[in-house]
Amino acid sequence: MSNFQDAPLQSKHHGMEAENVYQVFDWLWCSAQLTEKDIAKLPALGIEAVINLAPPTASNALPGEAELVAAQGIAYMQIPVAWEHPRLNQLEQFLGVIKVFEGHKVWVHCAKNMRASSFIYLYRRLYLAEEEVIASYPMSEIWAPNPIWQTFIRNVLSTAL
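All values reported here derive from a predicted model rather than from experimental measurement. Think of each chain on its own: its residues are numbered from 1, step by step along the sequence as written. Note on the predicted model: pLDDT of at least 70 is required for a residue's local features to be given, and 80 or more for side-chain atom pairs to be given and counted; whole-chain, interface and lining totals, by contrast, use all residues. Neither water nor hydrogens contribute to the side-chain values; these are computed over all heavy atoms in the structure.

(A) Structural detail: the overall build of the protein. The secondary structure content of the protein amounts to seven helices and six strands. Starting at the N terminus, helices and strands are each numbered in turn, a helix being any DSSP run of H or I of at least four residues and a strand any DSSP run of E of at least two. Shown N-terminal to C-terminal, the secondary structure of the protein runs as helices and strands in the order β-β-β-α-β-α-β-α-β-α-α-α-α. Residue burial is assigned from relative accessible area. The probe radius is 1.4 Å, only protein chains are included, and a residue is buried under 20% of its type maximum, exposed over 50%, and partly exposed in between. By residue count, 48% of the 161 residues in the protein fall in the buried class. Of the contacts formed within the protein by residues at least 6 apart in sequence, a portion of 71% connects residues at least 24 apart. Should any heavy atoms of two residues lie within 4.5 Å, those residues are counted as being in contact.

(B) Seen up close, the packing of helix α3 (residues 88–100) against helix α4 (residues 115–126). Put simply, α3 and α4 touch, their axes get as near as 11 Å, and they point 70 degrees apart. For the element pair α3 / α4, the angle class is roughly perpendicular. As for how α3 packs across α4, the hand of that crossing is right-handed. Side by side, α3 and α4 meet where Q90, L91, F94, L95 and I98 of the first sit next to F119, I120, L122, Y123 and L126 of the second. Under the grouping applied here, Gly and all other residues not named as nonpolar or charged are polar, the nonpolar ones being Ala, Val, Leu, Ile, Met, Phe, Trp, Tyr, Cys and Pro and the charged ones Asp, Glu, Lys and Arg. Of the residues belonging to the contact of α3 with α4, the class tally is nine nonpolar, one polar and no charged. Angular values range over 0 to 180 degrees, each being the angle between N-to-C directions of two axes fitted as lines to C-alpha atoms, with helices fitted over their stretch in contact. Each angle gets one of four labels, with under 35 degrees taken as roughly parallel, over 145 as roughly antiparallel, 65 to 115 as roughly perpendicular, and the rest as oblique. Left-handed describes a crossing whose near helix is turned anticlockwise from the far helix by less than a right angle; the clockwise case is right-handed.

(C) Geometry of the confidence of the model for the protein. pLDDT measures the predictor's confidence residue by residue and takes values from 0 up to 100. Confidence in the prediction of the protein, expressed as mean pLDDT, is 92, and 91% of residues score 70 or more. The low-confidence segment residues 1–13 (pLDDT under 50) makes 25 contacts with residues lying over four places distant or belonging to another chain.

(D) View of unusual backbone geometry. Following Y137, the chain continues into P138 via a peptide bond in cis, with omega recorded as 5 degrees. Inspection of the secondary structure assignment puts P138 in the loop between α5 (132–135) and α6 (139–142). Although it is not a glycine, N113 adopts a positive phi angle of roughly 70 degrees. Take N113: it is sitting in the loop between β6 (105–109) and α4. One non-glycine residue, A129, adopts positive backbone phi at about 55 degrees.

(E) Spatial organisation of the state of the cysteines. Sulfur atoms of two cysteines make up a disulfide when they are within 2.5 Å. As enumerated under the stated definition, the model contains zero disulfides in all. C30 forms no disulfide, and the closest cysteine sulfur to it belongs to C110, at a distance of 8.4 Å. Its relative accessible area of 0% is what places C30 among the buried residues. Given a relative accessible area of 1%, C110 falls into the buried group.

So this is what it looks like as C-alpha cells:
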C-alpha cells in the first residue's frame with residue numbers, strides 16, 4: 001500500500017461536484033455526497049468500489065445511488081452510520097471492506113465527509129500505524145470531531161492500541 005508521500009489532491013483538479021473531496025492515497029478517495037455527474041466520472045479515475053457511510057435518510061442522499069454506481073461497473077457498499085451513534089461494528093465492517101479491496105481504488109463518502117474522514121483516520125491509525133499528524137489528514141482539514149465522535153474515536157483507539 002501507498003503511504004503519505006504524495007501531495008494530496010483537491011477536487012478542483014478532478015472536476016468533481018461533491019464537497020470536501022480528498023485523495024488520501026493513490027488508491028483511496030473520500031468526499032461528501034457524490035452527485036450523479038460525479039458517479040459518471042468514477043470509472044475514469046479507476047475507482048472499483050464505493051463505500052457510502054451515510055444512512056439512506058441523510059438529507060442530501062442521492063436516490064438510486066447504488067444503481068447508478070453499479071451501472072458504472074463499480075462495487076457499492078452502504079454502511080449506514082447514524083450521526084449521533086457511530087458503532088464499533090460499523091467501523092469493523094468498514095475496515096473489512098477496505099481489506100477486501102486492498103490493491104483496488106476505493107471511494108468513501110458520507111453526507112459531508114465527516115463520518116468518512118473519521119473512519120479513514122481510524123484506518124490509518126489502527127492498520128497503517130501512522131502518526132497522529134499524518135493519519136489526521138484529511139479529517140483535520142474537514143472538521144474537529146464533536147463530543148460524540150471524539151468519544152467514539154478515543155474509545156476505539158484506547159481499546160485497539
